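# What the coordinates show
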Amino acid sequence: MPSDVPSTEAIKYAGSKLKLLSHILSLSKKVNAATVFDGFSGSTRVSQAYAKKGYRVYANDIAVYSKFFNTAFLLNKQGSETYQPIIDHLNSLAPIDGWFTEYYGGDENSADQKFPWQKKNTRRLDAIRDEIDRLNLDEVTKAVAITSLILALDQVDSTLGHYVSYLNEWSPRSYKDLKLTVPNLWVNQQDNLVMNYDIFEALNHLGDEIDIAYFDPPYGSNNEKMPPSRVRYASYYHIWTTICLNDRPEVFGKARRRADTSDTIAGSVFEEFRRGSSGRFMVIEAIEKLIREIRARYIILSYSSGGRATAEELNEVLNTYGEIIEIEKIDYKKNVMAGMKWTNDWIKDTAEKNFEFLFLVKKKT
Ligand SMILES: C[S@@+](CC[C@H](N)C(=O)[O-])C[C@H]1O[C@@H](n2cnc3c(N)ncnc32)[C@H](O)[C@@H]1O
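Residues numbered from 1 in each chain as written. Predicted model: local features only at pLDDT ≥ 70, side-chain atom pairs only at ≥ 80, totals over all residues. Heavy atoms only, no water.

## Description of the overall build of the protein
- Along its length, the protein carries 13 helices and 12 strands.
- Each of the 365 residues in the protein was classed as buried or not, and the buried ones make up 56%.
- Within the protein, contacts between residues separated by at least 24 positions form 75% of all contacts whose residues are at least 6 apart in sequence. (Helix = DSSP H or I, 4+ residues; strand = E, 2+ residues; numbered from the N terminus. Buried < 20%, exposed > 50% of the residue type's maximum accessible area, 1.4 Å probe, protein only. Contact = heavy atoms within 4.5 Å.)

Here's what the structure looks like:
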């Protein structure tokens, strides 16, 4: 990765744009921008990179864990050493058998149990999570502690990177001991803003100050035979939600997912695979609404060639509400830029798999 890309820190996250940071930043440099809105911040990699580059960042995601990560990274104004004593304290706690161990802790010596962590580590999780609540911390310190806990758990998991099914056998890293470290924080000079709304609600909280809106919604699968989008963020990462909220929810199924992440309840319109009453895919309708309603001078939109939104429809939406200034096509697997196109030619490339597109769009006024 080129050295002008700041280092960022995050959990393993489907659709993380870690590999695209240099492209996103270089597109952003082409326009004179000070304030950036990251509407679907997810792992917070993009928000972190923008903030470290000195942009004022408004970060939003519907997922509560994203809010905690963003609060820790973007709102912190203290040197990271400030947090060392609390992290040391949390590491020193005696393990206990609690709610997390009951549902998510497996026996190290049992081969046929499917759990995301070994018991020795969920017992530490139980002790640490309760202590974080007991300490009555201010918002940023609490977010730093929880981010540290989640990053540490992500290092000792026995999963394929999501929490809807667990591995048959313990992963090598699950044998390691859970150990919290202070996240790679920096002193933010800007007054960043963190939001935890559905994107359309978030738009109501923005003024006219946004120079660039970066949108990376969760595009559904475009395979007609496949059930609704495979990546459903609320389900995939239900455990991080539960750790943030510490609300001991009702759980169901083999993966012990939160009841509020069942397929009939959860889901985002951006994860919708059906067509709406107009005959168009609902996700395209949602993207159209988003592009139409956002008040920003420029939009950078991520789109992957496996997405539900068809290229033609997307092209039409972008041209209706804006002017496409530049398109970058990136071979996702190889992380090479396959070429830039300024015309509608990009559409025919979407038949190929594994391409990521970034559109820089000037919003029509
Ligand atoms: C492709 S991921 C974003 C990845 C992010 N750019 C990164 O680098 O980690 C899509 C994100 O959209 C969020 N999301 C889904 N529906 C949403 C909605 N209606 N409003 C806001 N965020 C939503 C999900 O929680 C998920 O984190």
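Once you've had a look at it, read on.
## Digging into the pattern of salt bridges
- Counting across every chain of the model gives 17 salt bridges.
- Between E326 and K30 there is a salt bridge, with its nearest N and O atoms 2.9 Å apart. Of the two residues, E326 sits in strand β10 (residues 322–331) while K30 sits in the loop between α1 (21–29) and β1 (35–38), which places them 296 residues apart along the sequence.
- On the basis of relative accessible area, K30 is assigned to the partly exposed category, the value being 47%.
- A salt bridge links D211 to R297, with the nearest nitrogen and oxygen atoms 2.8 Å apart. Here the residue D211 occupies a position in the loop between α8 (199–203) and β6 (212–215), and R297 occupies one in the loop between α11 (282–293) and β9 (298–304), the gap between them amounting to 86 residues.
- Judged by relative accessible area, R297 falls into the partly exposed class, the value being 37%.
- By sharing partners, the salt bridges in this structure join K12, D154, D157 and R173 into a single network. (Salt bridge = Lys/Arg side-chain N within 4 Å of Asp/Glu carboxyl O.)

## Considerations on the site of the ligand
- Taken together, 21 residues lie around the ligand, and Y13, S43, D61, D216 and S268 are the ones closest in.
- S43 has a polar side-chain atom sitting 2.6 Å from an oxygen atom of the ligand.
- D61 is positioned such that a nitrogen or oxygen atom in its side chain is 2.7 Å from an oxygen atom of the ligand.
- Look at the ligand: alone it shows 610 Å² of surface, and the protein chains cover 98% of it.
- A per-class count over the shell around the ligand returns 10 nonpolar, 7 polar and 4 charged. (Near = heavy atom within 4 Å. Polar contact = N/O pair within 3.5 Å; in protein donor to acceptor, adjacent residues only side chain to side chain. Areas by Shrake-Rupley, 256 points an atom, 1.4 Å probe, with all protein chains shown as cover. Nonpolar A, V, L, I, M, F, W, Y, C, P; charged D, E, K, R; others polar.)

## Digging into helix α10 (residues 238–245)
- Burial within α10 is extensive, with 7 of its 8 residues counted as buried.
- Looking at α10, one finds that the buried residues are H238, I239, W240, T241, T242, I243 and C244.
- Just beyond α10, the residue with positive phi is N246, at close to 50°.

## Focus on the packing of α11 against helix α12 (residues 311–321)
- Put simply, α11 and α12 touch, their axes get as near as 10 Å, and they point 15° apart. Classified by the angle between their axes, α11 and α12 sit roughly parallel to one another. Crossing hand, α11 versus α12: right-handed. Taking contact as the criterion, the partners of I284, I287, E288, I291 and R292 in α11 are, on α12, E313, L314, V317, L318 and Y321.
- Its residues assigned to classes, the contact of α11 with α12 comprises 7 nonpolar, no polar and 3 charged. (Axes fitted to C-alpha atoms, helices over the stretch in contact; angles between N-to-C directions. Parallel < 35°, antiparallel > 145°, perpendicular 65-115°, else oblique. Left-handed = near helix turned anticlockwise from the far one by under 90°.)

## Things to note about the nonpolar core
- Among the nonpolar cores identified, the biggest contains 74 residues, and Y50, Y65, L149, W240 and I243 are the most heavily contacted of them.
- With 10 residues, the top contributor of residues to this core is helix α7 (residues 139–155).
- Excluding anything up to four places from it in sequence, Y65 contacts Y13, Y233, Y237, W240, T241 and C244.
- Judged by nonpolar contacts, the second largest core, of 36 residues, contains A213, V283, I324 and I327. (Core = buried A, V, L, I, M, F, W, Y, C linked by side-chain atoms within 4.5 Å.)

## Focus: the environment of L314
- Assignment of secondary structure puts L314 in helix α12.
- Look at L314 and you get buried, because its relative accessible area is 0%.
- Considered as a pair, L314 and E288 are 26 residues apart in the sequence and their alpha carbons are 8.1 Å apart.

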